[in-house]
Structures are given as structure tokens and as C-alpha cells.
Amino acid sequence: MVNRETLTDFIRLYRHWGLHFLPSLPRKKSPAVKWEQFQLQPPTNEVYRDWWIKYWHKGAGILLLCGQVSGNLFGLDFDSDAGWASWQRNLEETAPDFDFYSCPVVKTGRGWHLWARLTHPPPSGRFQFGEIHGDGTLLMAPPSLHPSGAAYHFANPGGELPVVDSLLSLGVSLMADKPVGQNHQHLDPSWVVDALRGVPEKQRNETATRLAGYFHRKGVPHNIILQLLEDFASKCHPPLSLAEVAKVVVSVSRYPQTTTAPLWENPAYRGEAPNGL
């Protein structure tokens, strides 16, 4: 069980950094709440207070919301010490000017996480040394407990989250498990292309919301989003109803498509630490 006083300190730190997050199930990497809507709109202070009473007060962990909702936050996830060491050696050759000590570095149950921000929405997928947690993904954060029982902790807390122009500046290149077709090259990250091929029943609604949110944030007109999602729905197993697709698009269309400043500079997205936290 995570200590409540320790949780309070970390929650305040993450709010100070302009990050948003969810409660996790104890010693699991799964959220304790439905979270599709929070990929588009961050939780309010009232929601955070409710989660404190229901979950964090009882020792739940913390899952960061990666991507635009947290100011283009991404995390590099190294599954092992070997992958972490290989990336550092590669960094010396490919990006010698990058100071990774300026980034928050987390020791996990088996490996390492490194956090930073991009100047644009971060992709998600595999890279040569691990996995990138970007838009539409979650990332375990200190002081959560790993399923093994080990606590996530900062090996290097950093100061503020650094902002980088590209993943290449960190010596990171996305790996494509399947070739990306000519017509879909603009849909990076690669999960979009894979998702549009259809998903199993239990993933349909969540994936539809992710796709709608992705296209919405790119400024794609809603009638085009509807057409894209109708095609996606027909390829699911079993197909998703057109009524559900329309409901998703209507829900997503309530949110603004663009912002005049990066989200982490927008006070409406940062908020203050909830009272009592």
C-alpha cells in the first residue's frame, strides 16, 4: 500500500509540472476508473478530490496521462537495465549534446523510464531500446507499486520537464512493425494506421474515442472523422454500430480543436493542487 503522505507530495509535484493523471488499481498498471474522456479533457479539481477519497486515500497508485492533455508529455520505457545502458551508449554517438540528467528518470520494477515533452503531440510505439508512451497512453509514476511489489522511485527527479523538438534529439527512432502505406504516412503515430484496420469487441469504443480525439486535435473536419470512423467500425470484430460511432464523434466535437499556446502554459489545463492534497 502506498503511503498517503508520500502520495500527497507526488501529486503536488505532478500538478506543479502541469501533468494529469489517474488512480491505478493497487499493484497493477491498470486504471481504477474509465479514462477515455480524459484523453481529451483533463480531470477537474473536483474529480481529483473525489479520486483522493475513493482511491488514493486507500493507497492506489498513479498513472500519468501522456500526450497533449499533459502538455505533450512522453515517456521512454526501457524494460531492462541492458536496454537502458544501450540507449545511453547510443546517445553518446547520436545525440551527444543532449543532457538526459535534466530529465526526470524513474526506476521501475524491472527497468527505467525517462520523461520529457515534445513541441508537438508525441507518438506512441516501439523504438530500438524499448517503448514510447505518447498520445493516448498511460505511464506508471512514483510512488506507485509495481506488480512485483517494488516501488517506482525517482533515480533523478530533474528540475522541470525539458522540451525537445524531436525524438531524434534523444537518439530515438520509432520502429514500424508493419509498413506504413503511402496514403497513411501523415497519420504518425503508427497505432492510428493499425487501429483503422479494426479491433476486437472489447477495444472498439476505447479505440474509436482515441481515433476521434486524434483526428479532432489535428483539425480534421467532423464529417471526415465520421467517415473514417464508420470505415473503422465496419472492420471491427464484430462491427461497431454506426450509432455508437456518431455518439463518439458528437462527444469529441464538444472540445476545442486548437489552442493558442502549449497546454502546459495554459492555466486552464494546469490548475492548482486540490485542497487538502
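Everything that follows concerns the structure shown earlier in this document.
No experiment lies behind these values; they were computed from the predicted model shown.

Q: Honestly, the pattern of salt bridges in this entry has me stumped. Any pointers?
A: Side chains that carry opposite charge are capable of pairing whenever their charged atoms lie near each other. Applying the stated rule across the entire model yields 7 salt bridges. Of the charged contacts in the structure, one is a salt bridge between D231 and K235, with a shortest N-O distance of 3.1 Å. On the criterion of helical spacing, the pair formed by D231 and K235 is a turn pair, its members being 4 residues apart in helix 6 (residues 222-235). When its relative accessible area of 36% is taken as the criterion, K235 is described as partly exposed. For the salt bridge of E244 with K247, the shortest nitrogen-to-oxygen distance reads 3.3 Å. Within this pair, E244 and its partner K247 are both found in helix 7 (residues 242-252), separated by 3 residues, close to a single helical turn. Judged by its relative accessible area of 52%, K247 falls in the exposed class. Through salt bridges with shared partners, a single ionic network connects D79, R126 and E131.

Q: Can you help me understand helix 7 in this one?
A: For an α-helix, 3.6 residues make a turn, and residues three or four places apart therefore share a direction. Within the span of helix 7, buried status applies to V245, V248, V249 and V252. Summarising the axial view, the buried residues of helix 7 lie within an arc of 95°, below the 170-degree limit, and thus occupy one face. Residues of helix 7 that are exposed and point over 90 degrees away from its buried face: A243, K247 and V250. Each element contacted by the buried residues of helix 7 is listed here: helix 5 (204-217) and helix 6.

Q: Would you mind showing me how to read the packing of helix 5 against helix 6 here?
A: When two helices pack together, their arrangement is captured by the angle between the axes and the distance separating the axes. Helix 6 packs onto helix 5 with a crossing angle of 150° between their chain directions and a minimal axis gap of 10 Å. Comparing their axes, helix 6 and helix 5 come out roughly antiparallel. Here the hand of the crossing between helix 5 and helix 6 comes out right-handed. Along its contact with helix 5, which presents R204, T207, A208, L211, A212, F215 and H216, the element helix 6 presents H222, I225, L228, L229 and F232.

Conventions used here
Residues numbered from 1 in each chain as written. Predicted model: local features only at pLDDT ≥ 70, side-chain atom pairs only at ≥ 80, totals over all residues. Heavy atoms only, no water. Salt bridge = Lys/Arg side-chain N within 4 Å of Asp/Glu carboxyl O. Helix = DSSP H or I, 4+ residues; strand = E, 2+ residues; numbered from the N terminus. Buried < 20%, exposed > 50% of the residue type's maximum accessible area, 1.4 Å probe, protein only. Arc of directions from axis to C-beta. Contact = heavy atoms within 4.5 Å. Axes fitted to C-alpha atoms, helices over the stretch in contact; angles between N-to-C directions. Parallel < 35°, antiparallel > 145°, perpendicular 65-115°, else oblique. Left-handed = near helix turned anticlockwise from the far one by under 90°.

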